[in-house]
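The lines below spell out each chain.
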Amino acid sequence: MQIGLYIHVPFCLNKCRYCDFVSYNYNPDDARVYLEALEREMMYYSAYLANLGFKVNTVFIGGGTPTVLETGLLAKLLISARSYFCWSEETEVTMEANPGTINKHKLRTIRELGVNRLSIGIQACQEKLLQTLGRVHDYQLALEGIYAAREAGFKNLNVDLIFGIPGQSLNQWRESLYKIENLQPEHLACYSLQLEEGTPLWVAVESGELDPVSEEMELEMYNEVINFLTARGYQHYEISNFAKPGFRCRHNLGYWHNYYYLGLGPAAHSHMNMERWYNIKDIKKYAVQTMKGSLPVAERHTLTKRDVMVETILMGLRLTSGLDLAGFYKRFGQKVTDVWPREINKLINRGLLELTSTNLKLTEKGLRLGNQAFVEFV
Ligand code: SF4
């Protein structure tokens with residue numbers, strides 16, 4: 001059986017103002033200690049997966065900012081991971097990168113060590129908006145990062161963009177889309193900004209220092225990205241994700257199909273064999289636990305069949321193709337329309353869901369109001 005592997009690198013140059021991910025300011029000594037602890041966790045799970053007969057078919061190295069690591073440390077991480085989890089040339093191996101932490105030499109090294117998909121967080125093309133977000137880079141550095149990635153041989157690039165940034169106008173959003181599409185990345189992930197409670201950006205909005213973007217404007221920005229990118233040959237295949245034909249992210253598709261995955265590193269989540277668990281968030285406690293030879297698991301939940309069915313429909317509806325009816329029946333021995341008959345009918349009547357002979361999917365209206373549909377199945 002195949003499984004996706006996620007490896008968390010919890011370091012960044014600086015904390016962005018909207019970020020509530022688990023990440024710490026980078027320092028090479030902490031990173032060395034961390035990589036040793038991570039290697040212990042890899043060692044344990046490589047044997048565990050082999051015993052269960054699981055084979056890693058996609059790898060995603062995220063963070064944090066994996067590329068904040070010095071080239072030598074990145075090489076160590078990749079060599080260890082590859083030897084423990086035996087990637088092949090066909091394995092999709094993605095690494096997240098932040099402009100300002102990459103250069104040609106570093107990118108060439110990771111490319112040679114098996115990373116074949118680079119995901120660059122650019123977020124916006126206007127200096128003012130990048131400052132609002134607290135990014136460590138300007139637009140010029142982002143451009144240089146893309147050029148360096150191409151020179152290093154990356155033929156599969158994703159760019160992350162954010163809309164709904166306080167102070168952002170529809171024209172600025174259009175300009176970002178235009179500039180990035182001109183660079184021809186194979187994939188774009190375009191998210192609306194989530195203002196997470198307690199982050200500096202949330203405080204700035206709550207205190208009135210910054211004006212939030214209205215819901216209507218956010219919807220317009222979302223419509224804009226769908227129209228703009230689909231008119232230029234990108235397939236809109238998930239609520240926030242767009243790909244040129246043949247370049248959908250296989251690792252993330254695993255999440256959306258609710259397949260199994262293993263997460264390594266602090267706060268990383270895993271799902272397999274009717275269980276979900278997540279690791280200790282605190283990096284020091286994670287390292288101590290791992291070096292003691294214990295699993296750094298913070299909490300573990302046994303899942304019921306119903307839990308897995310709910311997760312499968314919630315994740316499946318994120319895809320524009322929707323939930324595969326035959327796949328659901330094969331997996332659970334029940335038709336999705338028998339499990340949630342009233343909810344599905346209600347959402348069809350409200351124009352949010354559509355039932356075809358093969359799939360249950362969000363309508364165009366449903367894509368824009370996904371949360372109103374999801375809540376019915378919880
Ligand atoms: S680069 Fe990503 S993980 Fe790091 S602080 Fe910014 S948003 Fe958070």
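Being a predicted model, the structure only gives us computed values, none of them experimental. (Residues numbered from 1 in each chain as written. Predicted model: local features only at pLDDT ≥ 70, side-chain atom pairs only at ≥ 80, totals over all residues. Heavy atoms only, no water.)

Digging into the overall build of the chain
Argument step 1. Each helix and strand in the chain was counted, giving 16 helices and 17 strands.
Argument step 2. Rg of the C-alpha trace for the chain: 21 Å, near the compact-globule value of 21 Å for 378 residues, within the 12% margin.
Argument step 3. With respect to the three principal axes, the spread of C-alpha positions in the chain is 60 × 50 × 40 Å.
Argument step 4. Here the chain, with 378 residues, has 53% of them falling under the buried criterion.
Argument step 5. Long-range pairs, those at least 24 residues apart, make up 70% of the contacts in the chain between residues at least 6 apart in sequence.
Argument step 6. Approximately 17,000 Å² of the chain is accessible, and the part contributed by carbon and sulfur atoms is 51%.
Argument step 7. Once the 40 positive and 42 negative side-chain charges of the chain are each reduced to a mean point, those two points are 5 Å apart. (Helix = DSSP H or I, 4+ residues; strand = E, 2+ residues; numbered from the N terminus. Rg over C-alpha atoms; globule rule 2.2 N^0.38 Å. Buried < 20%, exposed > 50% of the residue type's maximum accessible area, 1.4 Å probe, protein only. Contact = heavy atoms within 4.5 Å. Areas by Shrake-Rupley, 256 points an atom, 1.4 Å probe, with all protein chains shown as cover. Lys, Arg positive; Asp, Glu negative; His and termini not counted. Charge placed at Lys NZ, Arg CZ, Asp CG, Glu CD.)

A word on the domain arrangement of the chain
Argument step 1. Structurally, the chain comprises domain 1 (2-256) and domain 2 (307-377).
Argument step 2. Taking only C-alpha atoms into account, the centre of domain 1 sits 28 Å from that of domain 2.
Argument step 3. On the side of domain 2, 9 residues touch domain 1, which itself brings 12 residues to the contact.
Argument step 4. Regarding the contact of domain 1 and domain 2, the summed buried area is about 970 Å², with carbon and sulfur atoms giving 59% of it.
Argument step 5. Where domain 1 packs against domain 2, one counts 1 salt bridge. (Domains from an automatic or database assignment. Buried area = accessible area lost by both parts, 1.4 Å probe. Salt bridge = Lys/Arg side-chain N within 4 Å of Asp/Glu carboxyl O.)

Considerations on the pattern of salt bridges
Argument step 1. Applying the stated criterion across every chain, the model contains 11 salt bridges.
Argument step 2. Between Arg318 and Glu238 there is a salt bridge, with its nearest N and O atoms 2.6 Å apart. Of this pair, Arg318 sits in the loop between α11 (305-316) and β15 (323-324) while Glu238 sits in strand β9 (residues 235-238); the two residues are 80 residues apart in sequence, bridging distant segments of the chain.
Argument step 3. When its relative accessible area of 23% is taken as the criterion, Arg318 is described as partly exposed.

Brief notes about the environment of Leu143
Argument step 1. Here Leu143 shows up in helix α5 (residues 139-151).
Argument step 2. When its relative accessible area of 14% is taken as the criterion, Leu143 is described as buried.
Argument step 3. Between the C-alpha atoms of Leu143 and Trp256, which are 113 residues apart in sequence, the distance is 30 Å.

Concerning the sheet that holds β15
Argument step 1. Sheet architecture is open: 3 strands sit in the order β15-β17-β16, paired in antiparallel fashion. Edge strands, defined here as strands with exactly one partner in the open sheet, are β15 and β16 (353-355).
Argument step 2. Where β15 and strand β17 (residues 359-362) come together, 2 bridges link them in antiparallel fashion. The partner of Leu323 across the bridge, within β17, is Leu360. (Pairing = 2+ DSSP bridges.)

Points about unusual backbone geometry
Among all residues except glycine, the phi angle is most often negative; among peptide bonds, the trans geometry is most common.
Argument step 1. With an omega of 25 degrees, the peptide bond running from Gly63 to Gly64 counts as cis.
Argument step 2. Structurally, Gly64 can be placed in the loop between β4 (55-63) and α2 (71-85).
Argument step 3. In this structure, Gln123 takes a positive phi of about 75 degrees despite not being glycine.
Argument step 4. Inspection of the secondary structure assignment puts Gln123 in strand β6 (residues 117-123).
Argument step 5. For Gln123, a relative accessible area of 7% puts it in the buried group.
Argument step 6. Even without a glycine there, the phi angle at Gln184 is positive, about 55 degrees.
Argument step 7. Mapping Gln184 onto the fold places it in the loop between α6 (170-182) and β8 (187-192).
Argument step 8. The class for Gln184 is partly exposed, based on a relative accessible area of 36%.

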